[in-house]
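Understanding the architecture of this molecule
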Amino acid sequence: MIWAICKNTWNQCLASRVRLGILCLVWIAPILQNTISLCVQHVFPEALYSQSNSVALLVLIVGSGCIGSQLNDGTLSLTLSRPLTVAQYVMSKWFAVFVASSVAALSQLAAEVLVSLTRTPALINPADVLTNGAERVILCVGLSAVLILLSSLVSGVKDLAFFLVLSMVASLCVGIGQLKVDDVPAGWPQLAVSVLCPVCYHIGQAGNFILGPMVDLSSLANIPWSVVASYFAVIATFLSLAIFSLNRRELPYGAE
Amino acid sequence: MPENESSLTIEKSGIRIDGLCKTYKGGKVKALNELSVSIEAGEAFGIIGPNGAGKTTLFGCLLSFLRPDKGTITIDGMPPDALEVRKLVGYLPERLNFDKWMTGREFMHFHHELSGLPRDVRLSRCDELLTRVGLDPTSWTRPIKKYSRGMLQRLGFAQALVGNPKYLLLDEPASGVDPAGVLLLRRLLKELKSSGVTIILNSHQLDQVEKTCDRVAFIQQGKVNGIENLQAGPAHDTRFLVRWTGFESQIHVDLSALFARHGANLIESQPEYCIFVPSGIDTIASILKEMLTEGYAIIQLTPEENRLERYFDGESKKSPEDKSG
Amino acid sequence: MAQSEFVSTKHDPKMLYVTALILTVLAVVGNLLDENHPEGAPKLIKWRTISQARVESLQKHKPVLYVFSANWCGPCKRMESIAFGRRDIANTINKNYIPVLVIDESQERGKNTPAVQKTQKQCNVNSFPTLCVVPWNLLDADVEDVFSTGNEIERNLIARNLPYAEAFESGEDKDDVSERATMDVLDYYRNRVPAHVGYSTPDDISEYLFQCNIWHRLPPSKGKIHWGPMPTLDASGKPATQSPVLIAFVEDCGVLSDKMRLSLFENDETSSLINRDCKPVLVEVSKQEPSQEAIALKKRFAISALPAIVVLLPNEKPIVQDGFTSKKHALQFLNRALQSRK
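Residues numbered from 1 in each chain as written. Chains lettered and ligands numbered in written order. Predicted model: local features only at pLDDT ≥ 70, side-chain atom pairs only at ≥ 80, totals over all residues. Heavy atoms only, no water.

With that settled, consider the overall build of chain A. Looking only at helices and strands, chain A features ten helices and zero strands. Listing each helix as α and each strand as β along chain A from the N terminus yields α-α-α-α-α-α-α-α-α-α. Taking all 256 residues of chain A together, 53% fall into the buried category. Contacts spanning at least 24 positions in sequence make up 82% of the contacts within chain A whose residues lie at least 6 apart. As displayed, chain A has an accessible area near 10,800 Å², and 73% of this comes from carbon and sulfur atoms. Distance between charge centroids for chain A: 13 Å, based on 11 positive and 11 negative side chains. (Helix = DSSP H or I, 4+ residues; strand = E, 2+ residues; numbered from the N terminus. Buried < 20%, exposed > 50% of the residue type's maximum accessible area, 1.4 Å probe, protein only. Contact = heavy atoms within 4.5 Å. Areas by Shrake-Rupley, 256 points an atom, 1.4 Å probe, with all protein chains shown as cover. Lys, Arg positive; Asp, Glu negative; His and termini not counted. Charge placed at Lys NZ, Arg CZ, Asp CG, Glu CD.)

What follows is about helix 10 (residues 281-294) of chain B. Residue and element names in this part refer to chain B. Among the residues of helix 10, T283, I284, I287, E290 and M291 are the ones counted as buried. Down the axis of helix 10, the sector holding all buried residues measures 135°, keeping them to one side. Exposed residues on helix 10 whose side chains face more than 90 degrees from its buried face are D282, A285, K289, L292 and T293. Of the surrounding secondary structure, the elements contacted by the buried residues of helix 10 are strand 10 (240-245), helix 9 (255-261), strand 12 (273-277) and strand 13 (297-303). Of the residues one or two after helix 10, G295 is the one with positive phi, at around 110°. (Arc of directions from axis to C-beta.)

This part takes up the pairing of strand 5 (residues 245-251) of chain C. Residues and elements named next belong to chain C. Where burial is concerned, most of strand 5 is hidden: seven out of the seven residues are buried. The alternating pattern of strand 5 places V245, I247, F249 and E251 and L246, A248 and V250 on opposite faces, both of which are buried. The pairing of strand 5 with strand 6 (residues 279-285) spans seven bridges and is classified as parallel. Bridge pairing in strand 6 places A248 opposite L282. Where strand 5 and strand 7 (residues 308-312) come together, five bridges link them in antiparallel fashion. What sits directly across from L246, in strand 7, is V311. (Pairing = 2+ DSSP bridges.)

All right, on to the environment of L84 of chain A then. When you line up the elements, L84 of chain A lands in the loop between helix 5 (75-80) and helix 6 (86-119). Classification of L84 of chain A as buried rests on a relative accessible area of 0%. Sequence spacing of L84 of chain A and L14 of chain A is 70 residues, and the spatial spacing of their C-alpha atoms is 24 Å. Those residues in contact with L84 of chain A that sit more than four places away from it in its chain are I2, I5, T79 and Y89 of chain A, L83 and L114 of chain B together with T9 of chain C.

On to the interface of chain A and chain B. Listed as interface residues are 31 residues of chain A and, on the opposing side, 35 residues of chain B. Scanning the region where chain A abuts chain B turns up two salt bridges. E250 of chain A is the partner of K22 of chain B in a salt bridge, and the nearest nitrogen-oxygen pair spans 2.9 Å. At the level of secondary structure, the elements contributing two or more residues to the side of chain A that touches chain B comprise helix 1 (3-15), helix 5 and helix 10 (225-248) of chain A. Among the elements that take part in the side of chain A that touches chain B, helix 1 of chain A stands out by supplying eight residues, more than any other. Partitioned by chemical class, the residues of the side of chain A that touches chain B number twelve nonpolar, twelve polar and seven charged. (Salt bridge = Lys/Arg side-chain N within 4 Å of Asp/Glu carboxyl O. Nonpolar A, V, L, I, M, F, W, Y, C, P; charged D, E, K, R; others polar.)

Our next topic: a positive patch on the surface. Taken together, the side chains of R17 of chain A together with R142, K145 and K146 of chain B present a region of like positive charge at the surface. Looking at the secondary structure, you find R142 of chain B in the loop between helix 5 (122-132) and helix 6 (149-160). (Patch = residues over 30% accessible without salt bridge, like charges linked within 9 Å, V, L, I, M, F, W, Y side chains within 5 Å.)

Turning our attention to the packing of aromatic side chains. To describe a pair of aromatic rings, you give the distance between the ring centres and the angle between the ring planes. In total, this model carries 16 aromatic pairs over all chains according to the counting rule given. Ring geometry for F65 of chain B against Y91 of chain B: centres 5.8 Å apart, planes inclined by 65°, an arrangement best described as edge-to-face. Here F65 of chain B is found in the loop between helix 2 (55-62) and strand 4 (70-75), whereas its partner Y91 of chain B is found in strand 5 (residues 89-92), with 26 residues between them in sequence. We classify F65 of chain B as buried; its relative accessible area is 1%. Judged by its relative accessible area of 4%, Y91 of chain B falls in the buried class. On the numbers, 5.8 Å between centres and 75° between planes, the contact of W72 of chain C with F128 of chain C is edge-to-face. On the criterion of sequence distance, the pair formed by W72 of chain C in the loop between strand 1 (64-70) and helix 3 (74-83) and F128 of chain C in the loop between helix 6 (114-122) and strand 3 (130-134) is long-range, its members being 56 residues apart. Across the pair, exposure class does not vary: W72 of chain C and F128 of chain C are buried alike. (Phe/Tyr/Trp six-rings, centres within 6.5 Å; stacked < 30°, edge-to-face > 60°.)

Quick look at unusual backbone geometry now. Omega for the peptide link from F128 of chain C to P129 of chain C comes to -10°, which places this bond in the cis form. One non-glycine residue with positive phi stands out, namely E172 of chain B, at about 50°. Note that E172 of chain B resides in the loop between strand 6 (167-171) and helix 7 (179-194). Note on E172 of chain B: relative accessible area 9%, which makes it buried.

Right, let's talk about the sheet that holds strand 13 of chain B for a bit. All names here are of chain B. Strand order in the open sheet made by the four strands is 11-12-10-13, with antiparallel pairing throughout. Looking at which strands have only one partner, the edges of the open sheet turn out to be strand 11 (265-269) and strand 13. Neighbour-to-neighbour, the strand axes of this sheet turn through a mean angle of 25°, independent of strand direction. Here strand 10 runs beside strand 13; their pairing, made up of six bridges, is antiparallel. (Axes fitted to C-alpha atoms, helices over the stretch in contact; angles between N-to-C directions.)

In this section: the nonpolar core. With 132 residues, the main nonpolar core has Y89, V90 and I148 of chain A together with I17, L58, L155 and F157 of chain B as its most contacted residues. Top contributing element to this core by residue count: helix 7 (residues 126-153) of chain A, with eleven residues. V90 of chain A has contacts with I148, L239, A242, I243 and L246 of chain A, leaving out every residue within four places of it along the chain. (Core = buried A, V, L, I, M, F, W, Y, C linked by side-chain atoms within 4.5 Å.)

The next point concerns the interface of chain C and chain A. The interface of chain C with chain A comprises 47 residues on the first partner and 49 residues on the second. When chain C packs against chain A, close to 3,900 Å² is buried across both sides, 54% of that on carbon and sulfur atoms. Of all residues in chain C, the largest losses of buried area upon contact with chain A belong to W72, Q107 and T325 of chain C, amounting jointly to 16% of the total for that side. One can count one salt bridge joining chain C with chain A. Between chain C and chain A we count eight residue pairs in polar contact (both at pLDDT 80 or more) in total. Going through the elements one at a time, helix 1 (14-35), helix 3, helix 5 (106-109), helix 6, strand 8 (319-322) and helix 15 (327-339) of chain C are the ones with two or more residues in the side of chain C that touches chain A. Considering each element in turn, the side of chain C that touches chain A owes the most residues, twelve residues, to helix 1 of chain C. Counted by class, the side of chain C that touches chain A contains 14 nonpolar, 22 polar and eleven charged residues. (Buried area = accessible area lost by both parts, 1.4 Å probe. Polar contact = N/O pair within 3.5 Å; in protein donor to acceptor, adjacent residues only side chain to side chain.)

This part is about the environment of D81 of chain B. Tracing the sequence through the fold places D81 of chain B in the loop between strand 4 and helix 3 (83-88). Spatially, the C-alpha atom of D81 of chain B lies 5.4 Å from that of S64 of chain B, the residues being 17 residues apart in sequence. Not counting residues within four places of it along the chain, the set of residues in contact with D81 of chain B comprises S64 of chain B together with V7, S8, T9 and K10 of chain C.

All names here are of chain B. Where strand 8 (residues 215-220) lies against strand 9 (residues 223-229), six bridges are found, and the strand directions are antiparallel. Each bridged residue has a counterpart across the sheet, and for V216 the counterpart in strand 9 is E228. The turn joining strand 8 and strand 9, which pair antiparallel and follow one another in sequence, is formed by two residues; a positive phi near 50° is taken by Q221.

In structure tokens:
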């Protein structure tokens, strides 16, 4: 793990005004929403703390283009000319992204708890807060690994677009997999449906999990080991793929 | 076996490039074609060649950014992608793409830290390097996006020197630098060379190369087409220009015969000057002596052109018979 | 051979690659095992067929719970083994509903039986798993009809379950009653219970069934709590007694009040807790014409939304929770209010 790379990533994120602005907006939106429903509308939201979608957004904003933008403006070659391995570089980037996004996610949770404390102090359950916090960190760690791979494959912030396209494809696959088919003619169309639909469904479900790797901690005693294995498999595989692909990549050098 | 050991050590140091091949676009573009060259430790080695010759590709392979299809490169006996080699090599890229949001000082500190060097000397070492390359101290705290081309060049050079490298790869170091900067660069390179740093210089500015380097390789179409040893005097086939006043009509001397007597080749003959290629440096004096005796009022004798320019001049390839007469 | 001694900057971390491979294999195996859950999973729910359920529902006037599933659907399998394997969920289903497991076979066989097709259409099923509760008197109607404004069936349904039922049937000014009924219909609208789609945790299923109990609820009950009279309060609102006083404010009709009744009053655990640890007082607030006493009490404890719970402790400020979000929150509130005394 290279501390210099981590600090560089954090500073780079902070240096971009656009990124910082969008991050603040996304960070404050759920807090404002909760505050308005609690204090102004006197409507008690079912879930006191925002869910995983907002955390995923935070990770995407913090981490998009962390490697890609260096590929883009040619600074990656200079960085990798120093005595560090590509594996160290990738792991440091991952660490930097997930720490930064975890900080954002946990601070958002803290702010939401503060708001709820002023209005509905009796409804704050420390166990709930801890669980939500742990789930947020778990999502940050997992999604950062996914983002690191995407960022190492494409330049600039195209990894964001890549991510969105993959999400849509996953949803599409799930949709195909759940097609309600009526009166399919027997023979090869029926065979195709019976093979294609489950395959699409599983690919879609796998895709959805990969694009938001999470372990649900709400019933701690009942966490299926397959989910835990899947989660760590996603992280290990994606980081491996990132290192593998960067190792074999020819870095842009000159115009010839 | 001290002899074997020392020869091994000698063999291990320096850069050996052997049979390097690199193609692009699935084999259609041959950037490097069996390129072989040997660079000794401690020497200043220049690389020149026309655009598209493969110089940049060579640098890319030396820094292991590009993977050659065939051939080997060793730097101090190690492959170019070894971790140890990274500690020994500093490089100044041609394209000065630095993180624009960092200040000059932050950039230096970043590379100092990346090189694994101790924190306690960081500030002093980076400041020392920035001063050495002549970067104005007021700009050290300014973001890099505000730097001019010349400032970027200096910063890049400072960054190359961060790890006290044994090998310095410089790609167009004087491009965009003002004359004062060029002089500073030349002085710096001299200092570095005297402290034992091996310098590999890729430049289009031939006079720069000539003044700094010990040897120069001319690369064309992915191959080394000639190595000029600048430490030896002018090459035996350097062309000289001799100029005189007075009218040739008063002097009836068969110049070509005169030159032929001394084993020299008359390339071009004009009323007030001629160009010849002596067979050896030592014959020039006797040629001049005879011309003076014949009555030529010689006012100038210089090598006709920059010796490296020859490589770029198609003329040098033509035989004297084609040119004279 | 000398080259292998040097650590390359591009060296592949083989340990990481091997770990990733092993974990991936484990994950795939685990997920496959999950989907084809072992035969030993408890079959606690007494499933009926579609036709059996229809007959039984009309006979007993109990709503039917359709569980739409498919063989290729992983979450359905998980739901069946985990959620329906839980005793409390299985008991609720067996007690309050007539459960039917409708399995979609259109991918394997090309099409479903007419009965399955009709039921899926009725409940507007698009993905799996879907749970849908259909009341006995709507077994032949499109469930969507139930959610359309002004529909006669819906009014009947609501009217039957509200205090207005009597007024409605006794022939009181129907327009007037209908208007009041409509207001409550709209109240119900905001909290209506659609079908439940997808599966993530057993608690979701439990919550859905809880909501369904409201929709198809029995008349409002006071539950198992031994309500007592309002004790005398001193000027600062503190009770004279030593044990805490729990004042429950509920509306005579309203979904949130109904939820609170179900979750606190009719629940064994909470009702015994309340009976044991405090003196409970019930204040039923009429929605149409709230009594002066009720209004005064609301003002005294600064209650802005109903239902509400006020816990009065002997030497402390009253603890108020107005509004109701979920059963879970109500339980939490109660536990903390009563524990704070200890």
